[in-house]
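Residue-level structure breakdown
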Amino acid sequence: SDALKKKFEKVGRVRRFELRVKWDGRSLGMGTCEFECADSAVKAIERLSNSEIDGRIIYVSAFGAAGRWAPSEKDITDAKARDAEKKAKEIEKEQDQKAGTKGEADAKGDGGKEKGDGGKAKGDGGKA
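Residues numbered from 1 in each chain as written. Predicted model: local features only at pLDDT ≥ 70, side-chain atom pairs only at ≥ 80, totals over all residues. Heavy atoms only, no water.

Structurally, serine 40 is set in helix α2 (residues 38-48). Beyond its immediate stretch of four places on either side in the chain, serine 40 contacts Val11, Gly12, Arg13 and Phe35. (Helix = DSSP H or I, 4+ residues; strand = E, 2+ residues; numbered from the N terminus. Contact = heavy atoms within 4.5 Å.)

Structure, rendered in structure tokens:
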């Protein structure tokens, strides 16, 4: 958006600004801003990351010389926290499912065992 580009231009001279969009013109939620000098890029990260524009929080991070994203310490810490939270939720879900399954089996009164003939097949004993 123009408002976002202006926000970056307040920090320093912008060489190139691009927002990524889908085929229908809707935002992908990411873009790049290349400044005339590295100092402006550092200022943009410090001043604009976690700021709000148009009701949305923006995150600003650096790209390496090869055009690859270079994560900050905060990015790494945040990613590890998200991963740990996701893993904890998965474990909790598994435990809930196991507890629910056990509760269902016990509710049957047979300890989860199916009633039947003990696994023996009924028939004519294989005789033709």
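What follows is about unusual backbone geometry. Despite not being glycine, asparagine 50 shows a phi value in the positive range, around 70 degrees. Of the residues examined, asparagine 50 reaches a relative accessible area of 38% and is grouped as partly exposed. The backbone phi angle of aspartate 54 is positive, close to 55 degrees, even though this residue is not glycine. (Buried < 20%, exposed > 50% of the residue type's maximum accessible area, 1.4 Å probe, protein only.)

In terms of nonpolar packing, the biggest core is built from 10 residues, these being Leu4, Phe8, Val11, Phe17, Phe35, Ala44, Leu48, Ile53, Ile58 and Val60. Elements that contribute at least two residues to this core include exactly α1 (2-9) and α2. The contacts of phenylalanine 35, once residues within four sequence positions are left out, are Phe8, Val11, Gly12, Arg13, Val14, Arg15, Ser40, Ala41 and Ala44. (Core = buried A, V, L, I, M, F, W, Y, C linked by side-chain atoms within 4.5 Å.)

This paragraph deals with the packing of aromatic side chains. The description of an aromatic ring pair rests on the distance of the ring centres and on the angle between the ring planes. For the coordinates displayed, the defined rule picks out 2 aromatic pairs. Taken together, a centroid distance of 5.9 Å and an interplanar angle of 50 degrees make the contact between phenylalanine 8 and phenylalanine 17 tilted. With respect to class, phenylalanine 8 is no different from phenylalanine 17; both count as buried. With a centroid separation of 6.2 Å and 45 degrees between ring planes, the pair formed by phenylalanine 8 and phenylalanine 35 is classed as tilted. Residue phenylalanine 8 is found in helix α1, and its partner phenylalanine 35 is found in strand β2 (residues 27-35); the two are separated by 27 residues along the sequence. Feature note: the residues Phe8, Phe17 and Phe35 constitute an aromatic cluster, connected by ring pairs. (Phe/Tyr/Trp six-rings, centres within 6.5 Å; stacked < 30°, edge-to-face > 60°.)

Right, let's talk about the side chain of serine 51 for a bit. Mapped onto the elements of the fold, serine 51 is located in strand β3 (residues 51-53). Within polar-contact distance, the side chain of serine 51 engages the backbone oxygen of leucine 48 at 2.5 Å. What serine 51 contacts, discounting residues up to four positions off in sequence, is Lys7, Arg56, Ile57 and Ile58. (Polar contact = N/O pair within 3.5 Å; in protein donor to acceptor, adjacent residues only side chain to side chain.)

Here 6 bridges tie strand β1 (residues 14-21) to β2, and the two strands are oriented antiparallel to one another. Bridge pairing in β2 links glutamate 18 to threonine 32. In this antiparallel pair of consecutive strands, β1 and β2, the connection spans 5 residues, and glycine 25 shows a positive phi of 90 degrees. (Pairing = 2+ DSSP bridges.)

Reading fine detail from the predicted coordinates is not recommended where pLDDT is low. Within the protein chain, residue pLDDT values average 74, and 67% of them lie at 70 or more. Considering only residues more than four positions removed or in separate chains, one finds that residues 110-128, a stretch of pLDDT under 50, has 6 contacts. (pLDDT = per-residue confidence, 0-100.)

Another aspect to go through is the environment of alanine 41. Here alanine 41 shows up in helix α2. Owing to a relative accessible area of 28%, alanine 41 belongs among the partly exposed residues under this scheme. A sequence separation of 30 residues divides alanine 41 from valine 11, and the C-alpha atoms of the two residues are 8.2 Å apart.

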